[in-house]
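Report on the structure
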Amino acid sequence: MTTLTTCHRTEYLYGQPVLLGPHRMMLRPREARELRLVSHEITLTPEADITWAHDVAGNAVATAQFHQPTDRLLIESRATVDLTAPVWPVFAISAEAISFPFLYSADDWADLGALTLPQYPDPDGRLSAWVEGFVRQRPTHTLSLLKDIANGVSQQISYQGREREGTQAPLETLSRGWGSCRDFAVLFAEAVRTLSLGARIVSGYLFDPETRLVGSGGAGSTHAWAEVFVPGAGWVAFDPTNQSVGSKNLIPVAVARGIHQVVPVAGSFLGPGNTMRSLSVEVSHTVIAS
């Protein structure tokens with residue numbers, strides 16, 4: 001088990017005092033079997049009233065209401081977590097789902113709903129054809145197929161970090177041949193959905209004390225990956241950026257159907273359009289016990 005503290009610091013600087021609108025923050029790590037949340041707090045400068053709620057996916061969402069003009073907004077999220085994910089996970093997949101194709105139960109199918117449906121246009125079937133290249137035969141081993149698709153993303157697409165906002169559509173990523181971790185996650189999830197499997201996007205942090213993983217900014221950074229629902233095993237994490245399976249090195253914060261639903265901080269301000277001078281994001285991890 002590893003106990004660590006994660007600090008996520010977001011700072012906005014403005015050229016003159018502005019009135020801040022409500023800010024929506026998804027910064028609280030999601031508790032799971034392999035992650036226990038010991039503590040979490042958000043500190044804001046200037047001070048604000050914070051309310052909490054859970055969205056449709058069960059993510060903890062904080063909303064801040066500000067009351068005074070400011071030329072600086074600082075959001076600091078600090079969480080202490082216990083991580084117990086193994087390096088080599090073993091998944092207890094149900095017998096009926098070991099081989100692909102398989103059918104979800106009626107209840108699972110109804111609950112997964114839109115998570116099994118492609119979210120982007122593929123008018124010429126290009127993405128579907130690309131995915132079929134990994135299905136060597138039917139039936140085939142489900143977990144091996146999912147690993148092949150995830151590995152195919154990172155082998156065929158070059159990683160390029162990107163600071164600006166936005167995510168490429170899957171066909172854009174295939175055409176350009178490069179993308180960031182969020183582009184990789186979206187491409188993988190969409191590929192899996194073309195096979196009628198349930199997938200969701202995950203945003204969170206990459207814990208990389210040895211700074212050897214792709215997409216790592218020092219010992220910690222924001223990161224995106226995907227999870228696929230496999231009967232018996234449940235939601236299985238796939239990080240196509242690093243060709244990894246399971247939650248080792250991953251600290252999930254939010255899950256959703258689309259990447260646009262898991263933005264860590266979203267808000268507005270009232271002032272001239274060129275008022276914002278800079279935006280900086282820093283993530284750091286401090287290991288307490290290992």
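Structural data are supplied above this passage.
Residues numbered from 1 in each chain as written. Predicted model: local features only at pLDDT ≥ 70, side-chain atom pairs only at ≥ 80, totals over all residues. Heavy atoms only, no water.

Describing the overall build of the protein
From N to C terminus, the protein includes 5 helices and 18 strands. Radius of gyration (C-alpha) of the protein: 20 Å, near the 19 Å computed for a compact globule of 290 residues. Over its C-alpha atoms, taken along the principal directions, the protein stretches across nearly 60 × 45 × 40 Å. Across the 290 residues of the protein, 47% fall into the buried class. Across the protein, contacts joining residues at least 24 apart in sequence account for 73% of those joining residues at least 6 apart. In the structure as shown, the protein presents an accessible area of about 14000 Å², 50% of it carried by carbon and sulfur atoms. In the protein, the 22 positive side-chain charges and the 28 negative ones have mean positions that sit 3 Å from each other. (Helix = DSSP H or I, 4+ residues; strand = E, 2+ residues; numbered from the N terminus. Rg over C-alpha atoms; globule rule 2.2 N^0.38 Å. Buried < 20%, exposed > 50% of the residue type's maximum accessible area, 1.4 Å probe, protein only. Contact = heavy atoms within 4.5 Å. Areas by Shrake-Rupley, 256 points an atom, 1.4 Å probe, with all protein chains shown as cover. Lys, Arg positive; Asp, Glu negative; His and termini not counted. Charge placed at Lys NZ, Arg CZ, Asp CG, Glu CD.)

Remarks on the packing of aromatic side chains
A complete count under the given rule lists 8 aromatic pairs for this structure. Ring plane angle 80° and centroid distance 5.0 Å describe the contact between W130 and F134, whose orientation is recorded as edge-to-face. Just as W130 is buried, F134 falls in that class too. The rings of F102, Y104, W109, F229 and W235 are connected pair by pair, giving a single aromatic cluster. Directly above the ring of W235 sits R200, whose terminal nitrogen or CZ lies 4.0 Å from the centroid. (Phe/Tyr/Trp six-rings, centres within 6.5 Å; stacked < 30°, edge-to-face > 60°. Lys NZ or Arg CZ within 6 Å of the ring centre and 35° of its normal.)

What about the side chain of H223?
For H223, the position within the fold is in strand β12 (residues 220-230). When its relative accessible area of 3% is taken as the criterion, H223 is described as buried.

Structural notes on the pattern of salt bridges
Evaluation of the coordinates by the stated rule reveals 9 salt bridges. With its nearest N and O atoms 3.6 Å apart, the salt bridge here joins E11 to R9. A salt bridge links E76 to R9, with the nearest nitrogen and oxygen atoms 3.8 Å apart. Of this pair, E76 sits in strand β6 (residues 70-83) while R9 is found in strand β1 (residues 2-20), placing the two residues 67 residues apart along the sequence. Looking at R9, the relative accessible area reads 22%, which means it is partly exposed. Taken together, the shared-partner salt bridges connect R9, E11, R72 and E76 into one network. (Salt bridge = Lys/Arg side-chain N within 4 Å of Asp/Glu carboxyl O.)

What to know about the packing of helix α3 (residues 142-156) against helix α5 (residues 181-193)
Where α3 contacts α5, the two axes come as close as 10 Å, and the packing angle between them is 145°. For the pair α3 and α5, the crossing hand works out as right-handed. Counting all contacts with α3, which are made through L146, I149, A150, V153 and S154, the residues of α5 involved are F184, L187, F188, A191 and V192. (Axes fitted to C-alpha atoms, helices over the stretch in contact; angles between N-to-C directions. Left-handed = near helix turned anticlockwise from the far one by under 90°.)

A word on the sheet that holds strand β4 (residues 48-54)
Strand pairing within a sheet occurs via backbone hydrogen bonds; the two strands may be parallel or antiparallel. The strand order β4-β5-β2-β16 describes an open sheet built from 4 strands, whose pairing is antiparallel. The sheet is open, and its two borders are formed by β4 and β16 (265-266), each paired with just one other strand. Here strand β2 (residues 23-25) runs beside β16; their pairing, made up of 2 bridges, is antiparallel. Opposite M25, over in β16, you have V265 as the bridge partner. (Pairing = 2+ DSSP bridges.)

So, the environment of Y205
In this structure, Y205 sits in strand β11 (residues 199-207). Given the relative accessible area of 3%, Y205 is considered buried. With 48 residues separating them along the chain, Y205 and V253 place their C-alpha atoms 7.6 Å apart. In this structure the side chain of Y205 is engaged in a polar contact, spanning 2.7 Å, whose partner is the side chain of H8. (Polar contact = N/O pair within 3.5 Å; in protein donor to acceptor, adjacent residues only side chain to side chain.)

Topic: the side chain of H285
Following the sequence through the fold, H285 ends up in strand β18 (residues 276-289). On the accessibility criterion, H285 (12% relative accessible area) is buried. At 2.8 Å, the side chain of H285 and the side chain of T6 are in polar contact. A distance of 3.4 Å separates a polar side-chain atom of H285 from the backbone oxygen of L206.

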